[in-house]
Amino acid sequence: MNNSQLLTAVKYTYKRKLTTLLVMSVVLVALMAYVIIAGSLASQHGVHESHGSIGALDFIMMMGIFVLGIVTVRDDYRIFAQNGLSRRTTFRAHIVTGILVSLTFMAAAYLLFLLGNAIGAVTNNFSVTMLYEMMYPQYMVSSPVAGTVLGLMMALCWGAAIHYLGMFCSLLFYRLPRGWRIAVAISIPCLLFFGIPMLSMVCLFNLPILYDFSYKLILWLAASPLNMALVAVVIALLTEAINWFGLVRKVYIK
Amino acid sequence: MQANFSADRPIFLQLAEHLEAGIASGAYFEEGQVPSITEFSVAYGINPATALKGVNLLVEAGLLYKKRGLGMFVVSGARDKLLQKRREKFLEDFVQPLFNEARHLGIGADELRQIIERGLLEL
Amino acid sequence: MTIEVKNISKNFKKTCALNGVSFSLEPNKIYGLLGNNGAGKTTLLNIITGRLLADSGTVEIDGESNLNNDNALSKCFLLSADNLYPSDMKVSGAYEATKLFQPQFNEQYARELAKRFELPLNRKITALSTGYASIFRLTVALSVGTPYLLLDEPVLGLDAQHRDLFYKLLIEKYAENPCTIVISTHLIGEVANLLEQTIIIRDGRIIQNLPNEQMLSGGYTVSGPAVAVGQFVADKKIISQSGLGGLLTVCVQGTPPERVPAGLELSRLNLQDYFIQLMNKEDGQNE
């Protein structure tokens, strides 16, 4: 086992992903500045009290992390293969980077959240929200500190999970033959937007057990951000298992 | 420079012959340095192991010696040694082929003598 | 310090790319890996360096299996036609990345080579022409300093002058910092004098693996007037022959005689002719 290569691999991938974070943060700050300034100008000119807000910064970060996972995974396997790093080391580096990336991105989101709200409190026309606030409003009211901590944990776990999911999508597409790719590209969105909702409606109304289970599941998820975090961890583990055993372990790198 | 090698003899042999020719003509003077193995192999586009083989032939024949850390040098007296060796082989290398070719062309002993006399005048 | 390839087999869907290939690569020798298109050379090199997994058989680098083994894999560097660098990476970025993963990589030397070949350091690798992409790869290969250097068609797209420069640089590198080099190429004539040993692959099998000295001294060619040549080779084993008009050239087995018969010309086998004749012979046997 050669751990020094793992460290170098992590350094390399993490550095490349940080540039994306920088770009995203700059864009978000610019966006916030625009909303604040536009709002202030509007108020000054007697236009109705406007209140601008940017919602779910952590969710926005998750989108970025997802795309990052898609875009960087294959490049990494290739350059590492050129330089004598095994698939196993690359895979392990990605596990570590997924966590680091999520940590960094969510920390940035939280900082922007604090900054945005600080400024908004002064100008009185702007606010920023995080996903966990929107999902667990009663929790945030009853125990704000715990809510924030657990909420950030949830964001962190989902950030990592979504990174691995992005990698899964990219790797799957790479491994699938062309016909399958088209089939998947069409069927997945259809499934997400039509298939699953319709299917769940049908099942829920016709299968009381499923309905019962779903109800209990939703209650459980709504109880605390920690539970959502646990779901993310499970998804992360499953995705990485599929990534390794199904997609990466024997792939031809070229 | 690869084209300089003919196909009839091994390359290391031809390299050795080139080195001998250089010593005999004085191009590589005595106690002077000859190019390194690297320089030979790069110049001729050959494997350094082959170049080493050729150079070693001369080392074994006592024509070159190695100075630690500096390179290969020509042994003093090498030129004379080489010229002596070529004298000894003069009959075999030059005279015998002359007789063979003469026989092939049907040139008799008297005609051959006349040709040689004419040549000696020009020498 | 050897690479041991043991019984490697690989199938792609319906074709058998490699079938029970075994050989060893000894330390600090220059090997040629020759074969026609589709013989399996690239597949073999990809398997040795772990880019592709064999169906069966093992590859051991310095006694360690190459499977998921960074220690073993980082000892090999494969220069191939595939560009494995990210599409947005510039030449200078690639040098930096290489330095990160291969600490013994001589970045300064790579930059000097880039200058000599007039390779722009700030160009994206994917924006380079075929020739310059090859040049980029060989600046890395010549500077990376690994114990095993595998070159798959290293001079693809290079003009004659650059090819000549590359061979000179390769010899220089080998003379000053010896390592095991494997050159896989179709330009046999250009590398023949560099090779110490040659491995010949055909249809996924090794059909010849010998030191060049041995391979080429097993026979010689005779050329001259057809009748005289015919008489000379009457009692010898003929490998191949070709003729034009009244002249005949025959390749025979054995060692050349001390005396060259009058009117006939003898010459050693050269690697390219030997290879072509071997392939022709194999073709003949398959018909």
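## Examining the interface of chain A and chain C
Argument step 1. The interface of chain A with chain C comprises 20 residues on the first partner and 20 residues on the second.
Argument step 2. Looking at the side of chain A that touches chain C, the elements with two or more residues in it are helix 1 (3–44), helix 2 (57–82) and helix 3 (87–123) of chain A.
Argument step 3. It is helix 2 of chain A that contributes the most residues to the side of chain A that touches chain C, five residues altogether.

## Some thoughts on the confidence of the model for chain B
Argument step 1. Chain-level statistics for chain B give a pLDDT mean of 86 and a share of 97% at 70 or above.
Argument step 2. Within chain B, the element-level pLDDT minimum falls on helix 5 (residues 90–105) of chain B, averaging 85, and the maximum on helix 3 (residues 48–60) of chain B, averaging 92.

## Here's the deal with the interface of chain B and chain C
Argument step 1. With 14 residues of chain B at the interface, the matching set in chain C holds 17 residues.
Argument step 2. Every element with two or more residues in the side of chain B that touches chain C is listed here: helix 2 (37–44) and helix 3 of chain B.
Argument step 3. Here the side of chain B that touches chain C takes four residues from helix 2 of chain B, the largest share from any one element.
Argument step 4. Of the residues belonging to the side of chain B that touches chain C, the class tally is seven nonpolar, six polar and one charged.

## Some thoughts on unusual backbone geometry
Argument step 1. Here glutamate 31 of chain B, not a glycine, exhibits a phi torsion of approximately 65°, which is positive.
Argument step 2. Structurally, the position occupied by glutamate 31 of chain B is in the loop between helix 1 (11–25) and strand 1 (33–34).
Argument step 3. The phi dihedral of asparagine 68 of chain C is positive, around 45°, even though this residue is not glycine.

## Brief notes about the arrangement of the chains
Argument step 1. In this assembly, two pairs of chains are in contact, and the pair contributing the most contacts is chains A and C.
Argument step 2. Contact between chain A and chain B is absent, and the minimum C-alpha spacing across the pair is 27 Å.

## Some details on the environment of proline 225 of chain C
All names here are of chain C.
Argument step 1. Position of proline 225 among the secondary structure elements: in strand 11 (residues 219–225).
Argument step 2. When the C-alpha atoms of proline 225 and glycine 20 are compared, they prove to be 45 Å apart, with 205 residues separating the residues in sequence.
Argument step 3. Setting aside its immediate chain neighbours within four residues, proline 225 contacts Gly246, Leu247 and Gly263.

## Observations concerning the sheet that holds strand 1 of chain B
Residue and element names in this part refer to chain B.
Argument step 1. Across the sheet, which stays open at both edges, the three strands sit in the order 1-3-2 with antiparallel pairing between neighbours. The open sheet has two free edges, formed respectively by strand 1 and strand 2 (64–67), since each of these has just one partner strand.
Argument step 2. When strand 1 meets strand 3 (residues 71–74), the two strands line up antiparallel, connected through two bridges. Across the sheet, residue valine 34 finds its bridge partner in strand 3, namely methionine 72.

## Focus: the nonpolar core
Argument step 1. Membership of the largest hydrophobic core comes to 162 residues, with the highest contact counts inside it found for Met154 and Ala161 of chain A together with Ile48, Ala141 and Leu150 of chain C.
Argument step 2. Tallying contributions element by element places helix 6 (residues 144–175) of chain A first for this core, with 14 residues.
Argument step 3. If we ignore the near neighbours within four places in the chain, the residues touching methionine 154 of chain A are Tyr132, Pro225, Met228, Ala229 and Ala232 of chain A.

## Comments concerning the pairing of strand 9 (residues 197–202) of chain C
In the case of a regular strand, side chains alternate between the two sheet surfaces.
All names here are of chain C.
Argument step 1. Strand direction decides the pairing type here: strand 3 (residues 30–34) and strand 9, joined by four bridges, are parallel. In the sheet register, tyrosine 31 faces strand 9, and the bridge partner there is glutamine 197.
Argument step 2. Across six bridges, strand 9 lies against strand 10 (residues 205–211) in antiparallel orientation. What sits directly across from arginine 202, in strand 10, is arginine 205.
Argument step 3. Connecting the antiparallel pair strand 9 and strand 10 is a turn made up of two residues, with aspartate 203 showing a positive phi of about 50°.

What counts and what doesn't
Residues numbered from 1 in each chain as written. Chains lettered and ligands numbered in written order. Predicted model: local features only at pLDDT ≥ 70, side-chain atom pairs only at ≥ 80, totals over all residues. Contact = placed C-beta atoms within 7 Å. Helix = DSSP H or I, 4+ residues; strand = E, 2+ residues; numbered from the N terminus. pLDDT = per-residue confidence, 0-100. Nonpolar A, V, L, I, M, F, W, Y, C, P; charged D, E, K, R; others polar. Pairing = 2+ DSSP bridges. Core = buried A, V, L, I, M, F, W, Y, C linked by C-beta atoms within 7 Å. Buried ≥ 20, exposed ≤ 12 C-beta atoms within 10 Å, placed from the backbone.

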